[in-house]
Amino acid sequence: MAFASPPLSAALRRPPSVLSSAACRRRAAAAADAPANAFWSAIARKFHWETPWPADAPAVAWNFDPTAGPVYAHWWKGGRTNICYNALDVHVAAGRGADVALLFEPNEPADGRARSLTYAELLEEVTAAAAALTAAGVRRGDGVVTYMPMGVELPVVMLAAARIGAVHSVVFGGFSAAALAARLAASGAEVLVTTDGVGRGGKWVGLKAAADEAIALAAADYGHTVVTQLVVRNRSAADGRGGGAEEGAAVPMVAGRDVWWDDALAAAPRAGGEVVWVDAEDPLFCLFTSGSTGAPKGVVHTVGGYMVGAATTFKYSFNYMPGDVYFCTADAGWITGHTYVTYGPLLNGATQVVFEGVPTYPDAGRLWEIVAKYRVNILYTAPTALRSLKRAGDAFVAAHDTSSLKVLGTVGEPINPEAWDWYYSVVGASAATVVDSYWQTETGAHVLAPIPVAGLDLKPGCAQLPHLGIVPVLLDDAGGLVEGEGEGYLAISRPWPSALRTLLGDHERMEATYFARFPGFYLTGDGARRDADGHLWLTGRIDDVLNVSGHRLGTAEVEAAIVGVPGVAEAAVVGVPHPVTGEALYAYVVLMPGVEGNDALRAAITAGLRARIGPIARVETLHWVGGRGLPKTRSGKILRRLLRLIAMGGGGGDLGDTSTLADPSVLDELLQTS
Ligand code: ATP
Ligand code: MG
């Protein structure tokens, strides 16, 4: 299908000299913005605004050029709303209170903790939770940090914070005490909500103990005091089911600081749970990025624009229709769980499965069992999960009825065509649409996705189309626009509602990271290629680009070619300095079970790369990776920065910041086998 990307208005190209005065530039930008602003405002009006934004003000005021002044984008400033009200109260008021909002699926398939909550019940829980936060002293603009497992309570606390105008900062429950301490201090939050513990796979993880340690570290290292810690009692502990050795162990409570969640809810005056109307530009949350490329960034989103972006993208990317059952496997510790568990589905009044466990426990059929149990129509997961489930074999899928699926979403990394094919043909039985959604913590919502419309030919491994209102551009090294077919830095040339507003406590870092290199554009940090149809393919991170004999190669394409070789389960490629070619390719290869890394496979990989990319893509060093696999962030992304250091000899023992690494023992194994 032919697709032309939306034409860039002249004003959005390099500003010509006649427009050099700030006033002229502003006028030209406003004229170019008008249709997009009208579009977004028409959508925004579908939400409840307690006070509409000023009629004479433009939808958005913005500047993406740090040389012209501070970078900012404000949407519907002056309007007052509440995202929790729009996600819950609106549906109940419209008579949809009996619709199911959440279907909770516990870690242990049959431990009796599965439950469902209607919109009316969820509103009740969130209101009580909001009252408990108010009673703990939380007010509009204050931070609330959570350190909890995935489950019903995490979205409940997020929505409760939003309800009273507080700013939530969710820390993934798999992070260490030190990582939590740093995030606590950065947020300035005096209230921490945690959980006694959780069964994850076959293990019991005691979260309260780590939270206690983090509170002590925050005080010692940052001089930050947590005044109140609210502790959710996870019923797996109370019921004595579903845990490991420490299950049910007594959780020590610090008098004056620690309060059981249930007690806090019971004691809180109900009036404290009432909606607090906030400005569209009030902060809604701060969330740290995955830390794939360096130190995580504390991304700040605001209420109004994020609400509109989350709701709209959920609806259109997944072709959501009332009655659909939706299931996203992401933890709300990541942006995917924020936008596409807590907010997007609820803003649409959808019914969704919330899963506490992991895709491979008790076995690799767990997700397909859940799909069959709830007749899931829309599934949203990550390439890393798909690759590991594919590796486990098709029989796990075949054992369950997955015929209810109509949309199969993926996010987090480029999806290699083999994993895409498997998702499409084995999981979806060639009857569902695969939606490869490209976006970032910073973008708040989908930026590119093959929106499932009739007539769009899907391309395995391609995110394809700009999402509504997004104007993606490709830039060359000099900041010039790459038009038509070609490759470049993926950037966005005008604001969109759910864009980040700042980095926590460091607006300069935000300008330096995303806007300084190409003033006037938001730089994603990823590379992309536009094909003859105008479709966009992500080629990998700019920092990871490979340069062999002057040819730039994206990691995504080289890795996809290697994973296309039978017997290979996963691959990661980095460049190492080479005296002749500038850089040489060093490939880490994970094999399918029972497959041996030998010369025949090496030859097959060489041939595969030659056929799919060309002779330039020659791997200098092949590193067969052992059973622990590749180093990944806790959100499942490959940490190529560490792989590069190992390929270059181990960095003299100093691998820099490894705090975002999920399993540190992976590094020892890689160093031993290198
Ligand atoms: P950090 O910014 O701290 O290095 P991160 O970029 O991994 O971490 P996230 O915001 O969780 O943090 O991830 C966004 C990134 O994930 C994107 O910039 C892109 O590199 C990658 N990504 C997400 N979805 C896709 C996709 N569908 N195709 C290709 N890449 C994707
Ligand atoms: Mg990033």
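Just above sits the structure.
Residues numbered from 1 in each chain as written. Chains lettered and ligands numbered in written order. Predicted model: local features only at pLDDT ≥ 70, side-chain atom pairs only at ≥ 80, totals over all residues. Heavy atoms only, no water.

Enquirer: I keep staring at the nonpolar core and nothing clicks. Help me out?
Expert: For soluble globular proteins, the rule of thumb is that nonpolar side chains tend to be buried together. The biggest cluster of nonpolar side chains holds 109 residues, and the ones touching the most others in it are Trp76, Leu133, Val193 and Tyr343. Looking at this core element by element, the count peaks at nine residues for helix H3 (residues 119-135). Apart from the residues lying within four places of it in its own chain, the contact partners of Leu133 are Val138, Val144, Val157, Ala160, Ala161, Ile164, Val191, Val193 and Leu230. (Core = buried A, V, L, I, M, F, W, Y, C linked by side-chain atoms within 4.5 Å. Buried < 20%, exposed > 50% of the residue type's maximum accessible area, 1.4 Å probe, protein only. Helix = DSSP H or I, 4+ residues; strand = E, 2+ residues; numbered from the N terminus. Contact = heavy atoms within 4.5 Å.)

Enquirer: It is not clear to me how the sheet that holds strand E31 (residues 619-624) should be interpreted in this structure. Could you clarify?
Expert: The strands making up a sheet are joined through hydrogen bonds of the backbone, oriented either antiparallel or parallel. The strand order E29-E30-E31 describes an open sheet built from three strands, whose pairing is mixed. The open sheet terminates on both sides in strands that have one partner only, identified here as strand E29 (568-578) and E31. Strand-to-strand twist of the sheet, defined as the mean angle between neighbouring strand axes without regard to direction, takes the value 25 degrees. Pairing of strand E30 (residues 582-591) with E31, which is carried by five bridges, proceeds in the parallel orientation. Each residue of the ladder has a partner; that of Tyr586, found in E31, is Thr621. (Pairing = 2+ DSSP bridges. Axes fitted to C-alpha atoms, helices over the stretch in contact; angles between N-to-C directions.)

Enquirer: I would appreciate a short explanation of the packing of helix H2 (residues 83-96) against helix H4 (residues 153-163) in the present structure.
Expert: Packed helix pairs are characterised by how far apart their axes lie and by the angle those axes make with each other. At a closest axis distance of 7 Å, the pairing of H2 and H4 adopts a crossing angle of 115 degrees. The crossing of H2 and H4 is left-handed. Contacts from Ile83, Cys84, Tyr85, Ala87, Leu88 and Asp89 in H2 reach Leu159, Ala162 and Arg163 in H4. Grouping the constituent residues of the contact of H2 with H4 by class yields seven nonpolar, no polar and two charged. (Left-handed = near helix turned anticlockwise from the far one by under 90°. Nonpolar A, V, L, I, M, F, W, Y, C, P; charged D, E, K, R; others polar.)

Enquirer: Which parts of the structure should I look at to understand helix H14 (residues 417-427)?
Expert: An α-helical turn contains 3.6 residues, so a residue and the one three or four places further along point in the same direction. All of the buried residues in H14 are Ala419, Trp420, Trp422, Tyr423 and Val427. Taken end-on, H14 shows its buried residues confined to a sector of 165 degrees, consistent with a single buried face. Taken together, the buried residues of H14 touch helix H11 (366-374), strand E19 (378-381), helix H12 (383-392), helix H13 (395-398), strand E20 (407-410) and strand E21 (433-436). (Arc of directions from axis to C-beta.)

Enquirer: Is there a simple way to think about the site of ligand 1 in this case?
Expert: Every one of the 21 residues lining ligand 1 counts as a neighbour, but Thr289, Ser292, Thr293, Thr441 and Asp526 are closest to it. Interatomic distance of 2.4 Å between a side-chain N/O atom of Ser292 and an oxygen atom of ligand 1. Take Lys297: an N or O atom from its side chain is 3.1 Å from an oxygen atom of ligand 1. Here ligand 1, which alone exposes 630 Å², has 94% of that area covered by the protein. Its residues assigned to classes, the shell around ligand 1 comprises five nonpolar, nine polar and seven charged. (Near = heavy atom within 4 Å. Polar contact = N/O pair within 3.5 Å; in protein donor to acceptor, adjacent residues only side chain to side chain. Areas by Shrake-Rupley, 256 points an atom, 1.4 Å probe, with all protein chains shown as cover.)

Enquirer: Would you mind showing me how to read the pattern of salt bridges here?
Expert: Once the charged atoms of two side chains with opposite charge are near each other, the side chains can pair. Inspection of every chain in the model, using the stated rule, returns 30 salt bridges. The partner of Asp324 in a salt bridge is Lys406, with the nearest N and O atoms 2.6 Å apart. Of this pair, Asp324 sits in the loop between helix H9 (303-317) and strand E17 (325-328) while Lys406 is found in the loop between H13 and E20, placing the two residues 82 residues apart along the sequence. A relative accessible area of 9% places Asp324 in the buried class. In this structure, the salt-bridge partner of Arg602 is Asp599, at a minimum N-O distance of 3.8 Å. Here the residue Arg602 and the residue Asp599 both occupy positions in helix H17 (residues 599-612), the gap between them amounting to three residues, near one helical turn. Each member of the salt-bridge network shares a partner with another, and the members are Glu105, Arg366, Glu369 and Lys373. (Salt bridge = Lys/Arg side-chain N within 4 Å of Asp/Glu carboxyl O.)

Enquirer: Which parts of the structure should I look at to understand the state of the cysteines?
Expert: Two cysteines whose sulfur atoms are joined by a covalent bond form what is called a disulfide. In the structure shown here, the tally under the stated rule is zero disulfides. Counting only cysteine sulfurs, Cys84 is the nearest neighbor of Cys286, a cysteine outside any disulfide, at a range of 20 Å. Counting only cysteine sulfurs, Cys84 is the nearest neighbor of Cys328, a cysteine outside any disulfide, at a range of 20 Å. On the basis of relative accessible area, Cys328 is assigned to the buried category, the value being 3%. (Disulfide = S-S within 2.5 Å.)

Enquirer: Is there a simple way to explain the pairing of E19 in this structure?
Expert: Side-chain direction in a regular strand flips from residue to residue, so the side chains alternate between the two faces of the sheet. Of the two faces of E19, the one carrying Ile378 and Tyr380 and the one carrying Leu379 and Thr381 are both buried. The pairing of E17 with E19 spans three bridges and is classified as parallel. Bridged to Phe327 within E19 is Leu379. Of the strand pairs in this sheet, E19 and E20 are connected by four bridges, and their pairing is parallel. Bridging from a neighbouring strand, Ile378 pairs with Val407 of E20.

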